[in-house]
Amino acid sequence: MKIMEQNKGFFFGNSPFGKQDMDIRDRIAQKKYLYHKEAMHLVTTTDKGEKKIDKGIEDLRGRIRSLMEENEEYNNVYREYRQQMAQAKEDYGIEDGSQEQKDLELLQKDFNIKNHGSEETLTEEEEERLKNMGELTDYQKLCMELYKQADDYKTRIEKNNLQMKGASATIRSISIERLKEHAMVDAEVAKEKLLEAASKEAMGMLVDDAKENLNEKAEELQENAEEREEKKEETEERIEASKENREEAEAVTEEIRENAKDLTDQMTDSEKIMQDVDEEIKKIMREQKLLEEDLKGLSLDVIR
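(A) Seen up close, the overall build of the protein. Looking only at helices and strands, the protein has seven helices and zero strands in total. Taken from the N to the C terminus, the helices and strands of the protein come in the order α-α-α-α-α-α-α. Across the 304 residues that make up the protein, the buried fraction comes to 20%. Considering only contacts in the protein between residues 6 or more positions apart, those separated by 24 or more positions represent 80%.

Here you go:
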């Protein structure tokens, strides 16, 4: 669907969070689909309601047309009866001001009062005349029969007019309410608001997910920093220990050097002593040799 294709690249394309954001994209797509489904349901429901109203209005207009056609036929029949009455008056040679015509008009007035609840009322003189009128003439009988038939069609016409008036009033009322409510316009606005809400919620989900990722990264960095700090402390401790060991080694080395010097000195002294001893021995040996020579010389002297 068209609306579902909107921002498709954003929700299903490259994400600023990489592959690890696949779940959030799925959730956003699902959320947007639900909002879109609700929006389309709103528009579709409203559209169905509007179409139903349109059909109702069209049915009313069809009914009005049908009633108008009926009335046209009824009017033709009604005029026919009236013409027959006029023809009967002419055929019977009845004058307008004659008593027979006046009595006929009184009979028609009484009929209207009894059958239609006319606001007219009979005077005492008219009531008295009806009582004393006697048997109706052939002209009066014929005209009253034609009048009753004509009145039946006149009543039908009036009923149809009332129905047409009611239908027209209903159509007008619906049209006025439509102008006030703007159902489809409101539905479209509501749909856009739902889609906008979907986009906002999707952005909120992205922001929340980004914050969560950033918090996780921050925690990871914090842990790494703590590990580095621990390693740094260990390194410093090792360096400090190395320093102490080096100082101790230097002290031992110095001691060794001093001992070596003493040994060297002692060796030097020993060599000197040995030289002195050698010299002394040599001296003794020389002296002994001389002594031997002297002894030999003495011996020779004695022998002689």
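Now that the structure has been shown, we can carry on.
(B) Broad picture of helix α4 (residues 99–116). Helix length check: α4, at 18 residues, gives a terminal C-alpha distance of 25 Å against a target of 26 Å (1.5 Å per residue), a fit within 8%. When α4 is considered as a whole, its buried residues turn out to be Gln101, Asp103, Leu104, Leu106, Leu107, Gln108, Lys109, Asp110, Phe111 and Asn112. Just downstream of α4, Gly117 is the residue with a positive phi angle, here 60 degrees.

(C) Representation of the pattern of salt bridges within the structure. Inspection of the entire model under this criterion finds 11 salt bridges. Between Lys55 and Asp59 there is a salt bridge whose closest N-O contact spans 3.2 Å. Here Asp59 and Lys55 lie together in helix α3 (residues 22–91), a separation of four residues that amounts to about one turn. Between Arg156 and Asp152 there is a salt bridge whose closest N-O contact spans 3.2 Å. Residue Arg156 and its partner Asp152 are both found in helix α6 (residues 138–181); the two are separated by four residues, about one turn of the helix. Residue Arg156 is classed as partly exposed on the basis of its relative accessible area, which comes to 33%. Exposure remark for Asp152: the relative accessible area of 33% places this residue in the partly exposed category. Taken together, the shared-partner salt bridges connect Glu50, Asp54 and Arg178 into one network.

(D) Representation of the confidence of the model for the protein. Overall, the predicted model of the protein reaches an average pLDDT of 79, with 72% of residues at or above 70. Considering only residues more than four positions removed or in separate chains, one finds that residues 1–20, a stretch of pLDDT under 50, has 29 contacts.

(E) Looking closely at the packing of α4 against α6. The interhelical angle for the contact between α4 and α6, taken along N-to-C directions, is 35 degrees, at an axis separation of 11 Å. Considering only the axes of α4 and α6, their crossing is right-handed. Where α4 approaches α6, its residues Glu100, Gln101, Asp103, Leu104, Leu107, Gln108, Phe111, Asn112 and His116 are matched on the opposing element by Tyr139, Gln140, Cys143, Met144, Tyr147, Lys148, Asp151 and Thr155. For the contact of α4 with α6, the residue count by class is seven nonpolar, six polar and four charged.

(F) Layout of the nonpolar core. By size, the foremost hydrophobic cluster in this structure holds 19 residues, and its most contacted members are Tyr81, Leu104, Tyr139, Cys143 and Met144. At the level of secondary structure, the elements contributing two or more residues to this core comprise α3, α4 and α6. The element that contributes the greatest number of residues to this core is α6, accounting for eight residues. Leaving out residues up to four positions away in the same chain, Cys143 has contacts with Met85, Ala88 and Leu104. Of all hydrophobic cores here, the second largest spans six residues; its members include Ile64, Leu67, Met164 and Ile171.

Reading the values: rules and limits
Residues numbered from 1 in each chain as written. Predicted model: local features only at pLDDT ≥ 70, side-chain atom pairs only at ≥ 80, totals over all residues. Heavy atoms only, no water. Helix = DSSP H or I, 4+ residues; strand = E, 2+ residues; numbered from the N terminus. Buried < 20%, exposed > 50% of the residue type's maximum accessible area, 1.4 Å probe, protein only. Contact = heavy atoms within 4.5 Å. Expected span 1.5 Å × (residues − 1). Salt bridge = Lys/Arg side-chain N within 4 Å of Asp/Glu carboxyl O. pLDDT = per-residue confidence, 0-100. Axes fitted to C-alpha atoms, helices over the stretch in contact; angles between N-to-C directions. Left-handed = near helix turned anticlockwise from the far one by under 90°. Nonpolar A, V, L, I, M, F, W, Y, C, P; charged D, E, K, R; others polar. Core = buried A, V, L, I, M, F, W, Y, C linked by side-chain atoms within 4.5 Å.

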